[in-house]
Amino acid sequence: MPKTLFEKIWDAHVVAQRADGRELIYIDRHVLHELHAPHAFEQLEKQHRAVRRPDLTFSMQDHTVATKPGRNDETNPSGAAFLKAMRDGSRRNGIRLFDIDDPEQGICHVVAPEVGIVLPGATHAVPDSHASTVGGLGALAFGCGTSELAHILATQVMALKRPTRMRVRLDGRFGAHVSAKDVALRLIAELGVAGARGSVVEYSGSAVRAMAIEQRMTLCNLNIEMGGRSGLIAPDDAAFGWIAGRPFAPRDAMWERALAQWRTLASDDDAEFDREHVLDCSDLEPQITWGTDPSQVLGISGRVPDPTAFDASRRAAAENALAYMGLRPGTPLAGVPVDRVFIGSCTNSRLPDLKAAAEVVRGRCVAPGVIAMVVPGSTTVKREAEAAGLDRVFRDAGFFWGESGCSMCAGGNGDRGKPGERCVSTTNRNFEHRQGPKVRTHLASPETAAATALLGRIADVREVLSGNA
Amino acid sequence: MQPFTSHTGIAVPLLEDEINTDQIAPVQSMRALKPDYKALLFMRARRRDDGSEDPDFVLNRPRFRNPGILVTGHNFGAGSSREAAVWGMLANGIRVIVARSFADIYRENCLQNGLLPVVLAAADAQAFEARVLAVNGVAPFTVDLVAQRIGGPGGPDMIFEIPAPDRMRLIEGLDDIGFSLKHTDAIANWERRSAAEQPWLQTARDHRTS
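For clarity, every value in this text was computed on a predicted model and none was experimentally measured. (Residues numbered from 1 in each chain as written. Chains lettered and ligands numbered in written order. Predicted model: local features only at pLDDT ≥ 70, side-chain atom pairs only at ≥ 80, totals over all residues.)

Engineer: Report on the overall build of chain A, specifying residues and quantitative values.
Structural biologist: A count of helical and extended segments in chain A gives 16 helices and 19 strands. Taken against the 2.2 N^0.38 rule, which gives 23 Å for 469 residues, the C-alpha radius of gyration of chain A at 21 Å falls within 12% of a compact globule. Projecting the C-alpha coordinates of chain A onto the three principal axes gives extents of approximately 60 × 55 × 45 Å. Counting all 469 residues of chain A, 62% fall into the buried class. Counted over contacts in chain A with a minimum sequence separation of 6, partners at least 24 positions apart contribute 77%. (Helix = DSSP H or I, 4+ residues; strand = E, 2+ residues; numbered from the N terminus. Rg over C-alpha atoms; globule rule 2.2 N^0.38 Å. Buried ≥ 20, exposed ≤ 12 C-beta atoms within 10 Å, placed from the backbone. Contact = placed C-beta atoms within 7 Å.)

In structure tokens, the structure reads:
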């Protein structure tokens, strides 16, 4: 019976079927963060239950850490209790912690692949909806809540209902300055915020094969924004090469053995999917959101839509979105003045993201009055970016260059905009008030964000670089 | 987990689609390890810019001060996986959410906490929403999970479907971890097999230190 990649990984991880019909899926790697794990540690201790596999569990400090240079626990006062509880809980349970001052600290979805915790064909769980970021390496990852987190700590399994199978094929070749972020935003626009609900999405096609691993992670990261249960990409030589030599990856004979197995990780030719979607990326221009959910997307040359043109079910939402965003129908998005630019988050904070943005910025200056921030996804990314001189490029242009963490994506560390500010952000959610009360968020790629910072208005990076802006 | 068999309470109409967890439990409300879960629910919608209560927000209206059932639209609970978005409901006495549809992780978090997620058939959903609006918090509805029935003013009882395993889990108030730990032997066997067949999965060693 031909199988999809997802089914191969799933079937290989079924431990048992519970009396309620749920399948117990073994979790090979469990990655925690400090916003939710302390509550689960406490719950387990109350129940006198132990962590089954602390050796397969990793703790990260990312959501509440300050980004100011020279930071410590107290720099973000509301984070201190979380950081301490995470530190204490991890120590009590024998879990390796990437603490705030660890040379490899950073956003859980960035650090785990970076240190080699993520392997093709492995199952992952993270108490965070962006867990499937690591699907870019061919791992099957599930986001979960706090109760499920405690469940995994105690049992090393998740009790799941089998998801449905979906495939998104990306054809064609990207134009210049078009990235995985733009493709993902276009997909969410086409499929809707619940378009992949209940499904594991496999991304395939020539455009995916051509993507660097970091781009694949951006694509899989945004899978949840169309409601997907998980998202992944069949691993190839690019993925294997990316993993080789990372500290937690297998070595020597074990590496060869793993590699042989990883080469079987692809959907069979005649495997069936419950749903398929195709997008030709060839004519895609940079994309940006205009509204307050990630499906409200336009090409950068587009004009703000007229809600009266929407069908009745979406009209009210569009009207509300425009009111919140302070935009009028018919306005070209390019040219709308902005107050802030944020480059960072688990979506777009890896080294190639920062390099692409830096190439736009190099030798130019942030527009007067614009607050522009770059927050690397991990301390490793920060160190590598500094070795490449990127911090100088950003700082010389007037950007803030921060310590690693989730920062302005959800503002859990106090990095937020002021009411009424308009922010172009490389993050994943443009929900109302997410980046601060009344902050108006436009999601876009690192290059679009960088170009916008320079002009002080939403910009088409291609025009900035060609000197036509 | 508190078992769920039947719940009688005031049904609150919040008839919008796409209400996400940033609206239900804003991250800014979770600054403390143990925040006030009652106060954080829809914290932003509940307050005006000057910090005073917004009397127009449905949960602030006198008739909806003691809610029991939330009635809402499509894709409820999209976004972050934060479970505070469920704990906030329970802290306010809401033990049932009747939605047009739920985001996956949010629905899972409901089941973990004895909060009943109900999706009615489309025609029934519309009729139920109309009844909830018409009764306007004056009289309660009863949601009976054993009979899979919603009863209350303005019409006949309505039947709802829910997967049998989810129903059983809520009715029995199962300790989900305990339920899975019945399979401890199978877990240990799986680990042994995996260690033999794919040993790189059963170890996660930092090669620099060991």
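There's more to say after this.
Engineer: Tell me what's going on with the overall build of chain B, and back it up with residues and numbers.
Structural biologist: Along the backbone of chain B there are ten helices and seven strands. Based on the C-alpha atoms only, the size of chain B along its principal axes is roughly 65 × 45 × 25 Å. Burial analysis of chain B (210 residues in total) assigns 43% to the buried set.

Engineer: Can you explain the nonpolar core? Please cite residues and give values.
Structural biologist: In this structure, Val 341 of chain A together with Ile 69 and Ile 97 of chain B are the most contacted members of the largest nonpolar core, which totals 209 residues. Non-local contacts of Ile 97 of chain B, meaning those with residues more than four positions away in its chain, are made with Leu 70, Thr 72, Phe 76, Met 89, Cys 110, Leu 115, Pro 117 and Val 118 of chain B. (Core = buried A, V, L, I, M, F, W, Y, C linked by C-beta atoms within 7 Å.)

Engineer: Any details on the domain arrangement of chain B? Residues and values, ideally.
Structural biologist: One can read the domain layout of chain B as domain 1 (6-173) and domain 2 (175-210). If you average the C-alpha positions of domain 1 of chain B and of domain 2 of chain B, the two centres end up 38 Å apart. (Domains from an automatic or database assignment.)

Engineer: Before we move on, can you summarise the interface of chain B and chain A with the specific residues and values?
Structural biologist: How large an interface is tends to be reported as the accessible area lost when its parts come together. Taken residue by residue, the interface counts 46 residues in chain B and 59 residues in chain A. Mapped onto the side of chain B that touches chain A, the elements with two or more residues apiece are α5 (104-112), α7 (164-172), α8 (176-181), α9 (184-197) and α10 (199-202) of chain B. Its residues placed into classes, the side of chain B that touches chain A shows 19 nonpolar, 14 polar and 13 charged. (Nonpolar A, V, L, I, M, F, W, Y, C, P; charged D, E, K, R; others polar.)

Engineer: Describe helix α8 (residues 213-221) of chain A, listing the residues and the values that go with them.
Structural biologist: A large share of α8 of chain A lies buried, amounting to nine of its nine residues. Among all positions of α8 of chain A, only Ile 213, Glu 214, Gln 215, Arg 216, Met 217, Thr 218, Leu 219, Cys 220 and Asn 221 of chain A are buried.

Engineer: Let's hear about the sheet that holds strand β18 (residues 422-425) of chain A: which residues, and what values?
Structural biologist: Residue and element names in this part refer to chain A. Here five strands make up an open sheet; going across it, the order is β17-β16-β15-β18-β19 and the pairing parallel. Strands at the two margins of the open sheet, each flanked by one partner only, are β17 (400-401) and β19 (440-443). Judged from the four bridges that link them, β18 and β19 form a sheet pairing that is parallel. Within β19, the residue paired with Ser 425 across the bridge is Leu 443. (Pairing = 2+ DSSP bridges.)

Engineer: Residue-level account of the sheet that holds strand β8 (residues 157-160) of chain A, with values.
Structural biologist: One open sheet holds the three strands; their spatial order is β1-β2-β8 (chain A), and the pairing between them is antiparallel. Each end of this open sheet is capped by a strand with a single partner; those strands are β1 (14-17) and β8 of chain A. Neighbouring strand axes in the sheet, compared pairwise and without regard to direction, differ in orientation by 25° on average. Sheet topology places β1 of chain A next to strand β2 (residues 23-26) of chain A; three bridges connect them, and they run antiparallel. In the sheet register, Gln 17 of chain A faces β2 of chain A, and the bridge partner there is Glu 23 of chain A. Along the sheet, α9 of chain B makes contact with β1, β2 and β8 of chain A, crossing β1 of chain A at roughly 160°. (Axes fitted to C-alpha atoms, helices over the stretch in contact; angles between N-to-C directions.)

Engineer: Give a description of the pairing of strand β6 (residues 123-126) of chain A that names residues and reports values.
Structural biologist: Residue and element names in this part refer to chain A. In β6, alternate side chains face the same way, and those of Thr 123 and Ala 125 on one face and His 124 and Val 126 on the other are all buried. Bridge count between strand β3 (residues 29-33) and β6: two bridges; the pairing is parallel. Along β6, the bridge assignment pairs Arg 29 with His 124. Strand direction decides the pairing type here: β6 and strand β7 (residues 140-143), joined by four bridges, are parallel. Bridged to Ala 125 within β7 is Phe 142.

Engineer: Which residues make up helix α2 (residues 37-46) of chain A, and what values go with them?
Structural biologist: All names here are of chain A. Along α2, the positions that sit buried rather than exposed are Ala 37, Pro 38, His 39, Ala 40, Phe 41 and Leu 44. Where α2 is buried, its residues touch β3, β4 (57-60), α3 (80-93) and α5 (146-155). Positive phi shows up at His 48, right after α2, with a value of about 55°.

Engineer: Please provide a residue-by-residue account of the confidence of the model for chain B, values included.
Structural biologist: Of all residues in chain B, 100% attain a pLDDT of 70 or more, and the chain-wide mean is 95. Across the interface, the model reports ipTM at 0.94; the global pTM reads 0.96. (pLDDT = per-residue confidence, 0-100.)

Engineer: Before we move on, can you summarise the pairing of strand β2 (residues 67-72) of chain B with the specific residues and values?
Structural biologist: Residues and elements named next belong to chain B. With six of its six residues buried, β2 lies for the most part within the structure. Here four bridges tie β2 to strand β3 (residues 96-99), and the two strands are oriented parallel to one another. Note on β3: the bridge partner recorded for Leu 70 is Ile 97. In this fold, the crossover linking β2 to β3 by way of helix α4 (residues 84-91) has right-handed handedness. (Right-handed = clockwise from strand over helix to strand, strands pointing away.)

Engineer: Could you give me a rundown of the domain arrangement of chain A, with the residues and numbers involved?
Structural biologist: Residues and elements named next belong to chain A. Taken as a whole, chain A is organised into domain 1 (5-262) and domain 2 (287-466). Placing the centre of domain 1 and that of domain 2 at their C-alpha centroids yields a distance of 24 Å. The interface of domain 1 with domain 2 comprises 42 residues on the first partner and 35 residues on the second. Only α4 (108-114), α6 (180-191) and α8 provide two or more residues apiece to the side of domain 1 that touches domain 2. In terms of residues, the side of domain 1 that touches domain 2 owes the most to one element, α6, which gives six residues.

Engineer: Can you lay out unusual backbone geometry for me, pointing to particular residues and giving the numbers?
Structural biologist: The backbone of His 433 of chain A shows a phi angle near 65°, a positive value even though the residue is not glycine. Judged by the 22 C-beta atoms lying within 10 Å of it, His 433 of chain A falls in the buried class. Unusually for a residue other than glycine, Glu 18 of chain B sits at a positive phi of about 60°. Mapped onto the fold, Glu 18 of chain B is located in the loop between β1 (6-14) and α1 (21-24).

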